[in-house]
Amino acid sequence: MKNLSFSEDGVCTMHLEGVTQPREIENLIEEYVTGVEILPHHLRVILIDISELVHMGARSRQVFSELLMQASKHYGGKVELVIACGSLNLRRFIQLFCKGIGFQERSHFFEHLKEAQAWISKRSAEDP
């Protein structure tokens, strides 16, 4: 599975798996920034699938936090962040971090990927 993809309806999907290394997340951020710059349409949702993430060490969390900060600033606050799956502890860490950077109102957390995808579909239908 590709770790980063963009859809025509403005959804960026990131997939984190295994034991992430800081360099892997840095590469993902670089690919994300490049992808966002060349998108022919507006980015609306960032879906981060952490269903196969085993562990994220302290340095990896720090780099990941930088990604969240960049995403929170992008497009003048019009991007929604959706976190799907993963451990409850990791989802809570991300949730607390989002609250700390003022991204709480646009952050959504789901236990299952299908729930997240259903929310994104419903949201896209409401706000074309």
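Our subject is the structure listed above.
Residues numbered from 1 in each chain as written. Predicted model: local features only at pLDDT ≥ 70, side-chain atom pairs only at ≥ 80, totals over all residues. Heavy atoms only, no water.

K.L.:
Would you mind showing me how to read the packing of helix H1 (residues 22–38) against helix H2 (residues 58–73) here?
P.N.:
In helix packing, the relevant descriptors are the interaxial angle and the interaxial distance, both defined with respect to the helix axes. Across the interface, H1 lies against H2 with an axial gap of 8 Å and an inter-helix angle of 15 degrees. For the element pair H1 / H2, the angle class is roughly parallel. The hand of the H1/H2 crossing is left-handed. In this structure, H1 contributes Pro22, Ile25, Glu26, Ile29 and Tyr32 to the contact, and H2 contributes Arg59, Ser60, Val63, Phe64, Leu67 and Ala71. Taken together, the residues that form the contact of H1 with H2 break down as eight nonpolar, one polar and two charged. (Axes fitted to C-alpha atoms, helices over the stretch in contact; angles between N-to-C directions. Helix = DSSP H or I, 4+ residues; strand = E, 2+ residues; numbered from the N terminus. Parallel < 35°, antiparallel > 145°, perpendicular 65-115°, else oblique. Left-handed = near helix turned anticlockwise from the far one by under 90°. Contact = heavy atoms within 4.5 Å. Nonpolar A, V, L, I, M, F, W, Y, C, P; charged D, E, K, R; others polar.)

K.L.:
What's the story with the sheet that holds strand S5 (residues 107–110) in this structure? I'm lost.
P.N.:
For sheets, the rule is that strands pair by backbone hydrogen bonds, running either parallel or antiparallel. Sheet architecture is open: five strands sit in the order S1-S2-S3-S4-S5, paired in mixed fashion. Edge positions in the sheet fall to strand S1 (4–6) and S5, since each has one partner strand and no second. Put simply, the sheet's adjacent strands are angled 15 degrees from each other on average, direction ignored. As defined by bridge partners, strand S4 (residues 80–84) adjoins S5 across four bridges and the pair is classed as parallel. What sits directly across from Val82, in S5, is His108. (Pairing = 2+ DSSP bridges.)

K.L.:
Would you mind going over the nonpolar core with me for this structure?
P.N.:
Across soluble globular proteins, you tend to see nonpolar side chains buried next to one another. Within the largest apolar cluster, 29 residues are counted, with the highest numbers of intra-cluster contacts made by Met14, Tyr32, Ile46, Ile48 and Phe64. Those elements that place two or more of their residues in this core are strand S2 (11–20), H1, strand S3 (45–56), H2, S4 and helix H3 (88–100). One finds Ala84, Cys85, Trp119 and Ile120 within the second-largest nonpolar core, a separate group that totals 10 residues. (Core = buried A, V, L, I, M, F, W, Y, C linked by side-chain atoms within 4.5 Å. Buried < 20%, exposed > 50% of the residue type's maximum accessible area, 1.4 Å probe, protein only.)

K.L.:
Explain H1 to me, please; I cannot follow it from the model alone.
P.N.:
Here H1 is 17 residues long and its end C-alpha atoms lie 25 Å apart, about the 24 Å a rise of 1.5 Å per residue gives. Listing the buried residues of H1 in full gives Pro22, Ile25, Leu28, Ile29, Tyr32, Gly35 and Val36. The buried residues of H1 all sit within an arc of 150 degrees when viewed along its axis, so they share a single face. Those residues of H1 that are exposed and angled more than 90 degrees off the buried face are Glu37 and Ile38. Taken together, the buried residues of H1 touch S1, S2, S3 and H2. (Expected span 1.5 Å × (residues − 1). Arc of directions from axis to C-beta.)

K.L.:
Just checking my understanding: could you explain the packing of H2 against H3 for this structure?
P.N.:
Running from N to C, H2 and H3 cross one another at 45 degrees; their axes reach a closest spacing of 11 Å. Viewed along their axes, H2 and H3 adopt a mutual orientation that is oblique. Here the hand of the crossing between H2 and H3 comes out right-handed. Touching Arg61, Phe64, Ser65, Leu68 and Met69 of H2 are Phe93, Ile94, Phe97 and Cys98, all from H3. Partitioning the contact of H2 with H3 into residue classes produces seven nonpolar, one polar and one charged.

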